[in-house]
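Below, each chain spelled out in residue letters.
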Amino acid sequence: NYIVGMVTNSSDNSLTVGSTYVDYGSNLQADAADLVYDTNNNKYVLLWETSSALKVSYATVNSSNGNAGGEGGVTNLTSYHTFDAQLQYDPTNQVFVAAWGSNSDNRVKARAFTFNGSAFTSGTEIASAYTGEVQERTASDVDMYYNPDANDFGFGYRENGNGYKFRLVRFQVSSGTTLIAVSY
């Protein structure tokens, strides 16, 4: 139930596991965690699921020994059970977008947020058009991207039923932390 910082050495492809860890308590669902590097604040932004919420926080990793430090700022993005959480970062506009499946209505949901180095500010959650389109049992069939050329984010997943087709929901940040769905 820990997020562990690790450092790679590009000259010899070695991997060092730090002796300390970021401890966010129990109920961390390891198959539902993601992280991105915030180039503006020189910190890692972490997204993870618990049994009853989707949380975001930050940490630093010492580049010489892999030890985690400076962790904090735990903020809830949701207050319900989620699955398949993914996270992407737009370094130009310094905005993050998290997308996930909602266990209550099986819709794809997303939220944009910003980070000032110690605290998070999030926008309003948006939802895809169709109830029941994504299921938790397809957890390994999701991915998310950020495309700087189109300035959009996409959340791809295998839909529930209807031939289990692959679907893509595209989002754009219209301003600040206001997120809009471009297509379903």
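Residues numbered from 1 in each chain as written. Predicted model: local features only at pLDDT ≥ 70, side-chain atom pairs only at ≥ 80, totals over all residues. Heavy atoms only, no water.

On a plain count of helices and strands, the protein chain comes out with zero helices and 17 strands. The burial tally for the protein chain puts 43% of its 184 residues in the buried class. Carbon and sulfur atoms form 44% of the exposed surface of the protein chain, whose accessible area is close to 8900 Å². (Helix = DSSP H or I, 4+ residues; strand = E, 2+ residues; numbered from the N terminus. Buried < 20%, exposed > 50% of the residue type's maximum accessible area, 1.4 Å probe, protein only. Areas by Shrake-Rupley, 256 points an atom, 1.4 Å probe, with all protein chains shown as cover.)

One pass over the full model with this rule turns up five salt bridges. When the shortest N-O distance is used, the salt bridge between D105 and R107 registers 4.0 Å. Residue classification places R107 among the partly exposed positions, given a relative accessible area of 23%. Across the pair D152 and R170 runs a salt bridge, and its minimum N-O distance is 2.6 Å. Of the two residues, D152 sits in strand β15 (residues 152-158) while R170 sits in strand β16 (residues 166-175), which places them 18 residues apart along the sequence. You can call R170 partly exposed: its relative accessible area is 25%. (Salt bridge = Lys/Arg side-chain N within 4 Å of Asp/Glu carboxyl O.)

Okay, the sheet that holds β15 next. Sheet architecture is open: four strands sit in the order β14-β15-β16-β17, paired in antiparallel fashion. Bordering the open sheet on either side are β14 (142-147) and β17 (178-183), each of which pairs with just one other strand. Along the sheet, successive strands turn relative to each other by an average axial angle of 25°, direction set aside. Bridge count between β15 and β16: six bridges; the pairing is antiparallel. Residue G154 lies in a different strand from β16, and its bridge partner there is R170. (Pairing = 2+ DSSP bridges. Axes fitted to C-alpha atoms, helices over the stretch in contact; angles between N-to-C directions.)

The pairing of strand β5 (residues 33-38) with strand β6 (residues 43-49) spans six bridges and is antiparallel. Looking at β6, one finds that A33 is bridged to W48.

Inspection of the secondary structure puts E125 in the loop between β12 (120-122) and β13 (126-127). Sequence spacing of E125 and K109 is 16 residues, and the spatial spacing of their C-alpha atoms is 6.7 Å. Residues contacting E125, with those up to four places away along its chain left out, are L77, T78, Y80, W100, K109, A110 and R111. Among the polar contacts listed, one links the side chain of E125 to the side chain of R111, at a separation of 3.4 Å. (Contact = heavy atoms within 4.5 Å. Polar contact = N/O pair within 3.5 Å; in protein donor to acceptor, adjacent residues only side chain to side chain.)

Positive phi values are uncommon outside glycine, yet N42 reaches one of about 55°. Along the chain, the position of N42 falls in the loop between β5 and β6. A positive phi is found at Q94, a non-glycine position, where the angle reads about 55°. Mapped onto the elements, Q94 comes out in the loop between β9 (82-90) and β10 (95-102).

Our next topic: the nonpolar core. With 17 residues, the main nonpolar core has V97, F153, F155, F171, V173 and L179 as its most contacted residues. Taken together, the elements giving at least two residues each to this core come down to β10, β11 (108-115), β14, β15 and β16. Beyond its immediate sequence surroundings of up to four residues, L179 is in contact with V97, A110, R111, A112, I126, F171, Q172 and V173. Listed in part, the 16 residues of the second largest apolar core include V36, A85, L87 and F113. (Core = buried A, V, L, I, M, F, W, Y, C linked by side-chain atoms within 4.5 Å.)

On to the packing of aromatic side chains, then. For the coordinates displayed, the defined rule picks out nine aromatic pairs. On the numbers, 4.7 Å between centres and 40° between planes, the contact of Y146 with F153 is tilted. Under the relative-accessibility criterion, Y146 is labelled buried at 15%. What makes F153 buried here is its relative accessible area of 1%. Grouped by ring-pair contacts, the aromatic residues Y58, Y89, F96, F113, F115 and F120 constitute a single cluster. (Phe/Tyr/Trp six-rings, centres within 6.5 Å; stacked < 30°, edge-to-face > 60°.)

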